[in-house]
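Take a look at the letters that make up each chain.
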Amino acid sequence: MKRFILFALALTACKWTDFDDLSDQAWAHSQDKPSIGSTDYGVSIVGASTTGDGGLVSVVSTDAPTYSTISYDAKGGSKTGDTVLKLGQHYIVSLAEKPILVSDGAGNVALVEKAIDANKIAVVSGPANSPPDLGFPGSPPQAATYAGSTLIIAAQAAAAGAPNLFIVDGINPVENCIATEADGATALAAAAIAADSQYLWVWSTTGNVFAYDLAAVKACTSSLSAVAGTSFGPTAAFAPGTGARIHIVGDAAGATELAILAGHADKATNGEVVVLDLKHAGGPSQVSTLAADGLLSSTVATFDGSTYLVLGYPTKTVKNVAAGEVDILDLDPMTGTLSDSPAETLFDAQPENGEVFGRDVTTMQFNGHTVLVVAASNEVFSYYRTSLYPTDTRNPAP
């Protein structure tokens, strides 16, 4: 009977988050806050699994700050992983408004924060199940990304001539340098960074986009300047704030490459998505834009061979309640065109005021499939099936 009910619900266009009433036949799974010492669970999440059965998601929580994981079995059941780090014992006693949590796509993750010691950066990075810690001199970090196995951190410029770009390889800070923006004079102030095989791309807090040569970044010991011909200045002023992201689709070595900029304005809620063609002969060229008020999180995902942009709006009103929702838009990876309306919209079927559903979004590899994971207040939702990947990814499927 439950299988018939699921089919009927799909035909009546219910939201896939209607799992609270569907018991073990649910298509989405909720992991509630475990007893790990944090009162606010799931402020940042990132997928950490690569291959094999089940899946793994890294979770950062606060008050008091912790790092933990969610381990999923092949059937879709979940539990808190064996390693729970009290971050106060790892140089981190408080978290930024939007913690910097990144993955290299090969099972390693990095949490980058201001350390308890003055003028130091704290990093918890390495294999997701047991990341070691590291502290080194540096001003508060602004953004981070992996380039292969190398972690790159952009920090505030504490003073003229102070290092603001740091390179971490393994558990060792190996290089740092003084990076400038595209004008060659202003100290780097990054809202987001991302790497392809050739460049480190920067979305500056001024709204400008430019790139550094990646080989020069990894070898930098003194000064670093942007590569000529890689800069883009928006026609309308937009200063991205905390949680801004650059998503690279394609690669510098390929025929097409896009940069998707997604974030909200500094100290404001108005948001913006901009898609740039990085292969344009005259430098990066804008191909798509989207007004995205209330946007806080984003990721790019490939489900069943199609590419999508996933956007989290944690304060959006759902059923007359400010509970939050996630919009999934079609993205053409060749042209950069975004769909005018969402291909799928997700929210909790029983929304609660202040639930902040969508405060972070990520994907994980689950039983060899890519599935969507969404963070809310003290809950993490994993979607084993949606209309965009309609075959149940659990093994065996109920």
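Rules used throughout
- Residues numbered from 1 in each chain as written.
- Predicted model: local features only at pLDDT ≥ 70, side-chain atom pairs only at ≥ 80, totals over all residues.
- Heavy atoms only, no water.
- Disulfide = S-S within 2.5 Å.
- Helix = DSSP H or I, 4+ residues; strand = E, 2+ residues; numbered from the N terminus.
- Pairing = 2+ DSSP bridges.
- Axes fitted to C-alpha atoms, helices over the stretch in contact; angles between N-to-C directions.
- Core = buried A, V, L, I, M, F, W, Y, C linked by side-chain atoms within 4.5 Å.
- Buried < 20%, exposed > 50% of the residue type's maximum accessible area, 1.4 Å probe, protein only.
- Contact = heavy atoms within 4.5 Å.

Trainee: Could you give an account of the state of the cysteines, naming the residues involved and the relevant values?
Mentor: Applying the stated rule across the entire model yields one disulfide. Bridging Cys 177 to Cys 220, the disulfide has an S-S length of 2.4 Å. Because the torsion about its S-S bond is -75°, the bridge between Cys 177 and Cys 220 counts as left-handed. Of this pair, Cys 177 sits in strand S14 (residues 172-179) while Cys 220 sits in the loop between helix H2 (214-219) and strand S18 (223-224); the two residues are 43 residues apart in sequence, bridging distant segments of the chain.

Trainee: Got a sec to walk through the sheet that holds strand S23 (residues 297-303)? Specific residues and values, please.
Mentor: Read across the open sheet, the four strands follow the order S23-S24-S27-S28; overall the sheet is antiparallel. Sheet topology places S23 and strand S28 (344-346) at the edges, where each strand pairs with a single neighbour. Each adjacent strand pair in this sheet contributes to an overall mean axis angle of 20°, direction not counted. Of the pairings in the sheet, the one linking strand S24 (residues 306-313) to strand S27 (residues 325-330) comprises six bridges and is antiparallel in character. Among the inter-strand pairings, Leu 311 is bridged to a residue of S27, identified as Asp 327.

Trainee: Talk me through unusual backbone geometry; I want residue IDs and the actual numbers.
Mentor: In this chain, Asp 63 is followed by Ala 64 through a cis amide linkage whose omega measures -5°. Look at the link from Asn 395 to Pro 396: it is a cis peptide, with omega at 0°. With respect to the secondary-structure elements, Pro 396 resides in the segment after strand S31 (379-383). Even without being a glycine, Asp 63 presents a positive backbone phi close to 55°. Mapped onto the secondary structure, Asp 63 falls in the loop between strand S3 (55-62) and strand S4 (66-72). Residue Asn 367 is not a glycine yet carries a positive backbone phi of 55°. Following the sequence through the fold, Asn 367 ends up in the loop between strand S29 (360-366) and strand S30 (369-376).

Trainee: Break down the sheet that holds strand S15 (residues 190-195) for me, with residues and values.
Mentor: Note on sheets: strands pair through backbone hydrogen bonds, and any given pair is parallel or antiparallel. On the basis of which strands lie adjacent, the open sheet formed by three strands has the order S15-S16-S17 and antiparallel pairing. Looking at which strands have only one partner, the edges of the open sheet turn out to be S15 and strand S17 (209-213). Here the strands of the sheet are splayed against their neighbours by 25° on average, with no regard to which way each runs. Examined bridge by bridge, S15 and strand S16 (residues 199-204) share five bridges and lie antiparallel to one another. Residue pairing in the sheet places Ala 190 in a bridge with Ser 204 of S16.

Trainee: Account for the nonpolar core, naming residues and giving values.
Mentor: Residues Tyr 72, Val 326, Ile 328, Phe 357, Leu 372, Val 374 and Tyr 383 are the most contacted members of the largest nonpolar core, which totals 31 residues. Here this core gets six residues from one element, more than from any other, and that element is S30. Not counting residues within four places of it along the chain, the set of residues in contact with Val 326 comprises Val 310, Leu 311, Gly 312, Glu 344, Thr 345, Leu 346, Phe 357, Gly 358, Val 361 and Val 374. Core analysis: the second largest hydrophobic core is formed by 19 residues, Ile 167, Ala 179, Phe 210 and Val 217 among them.

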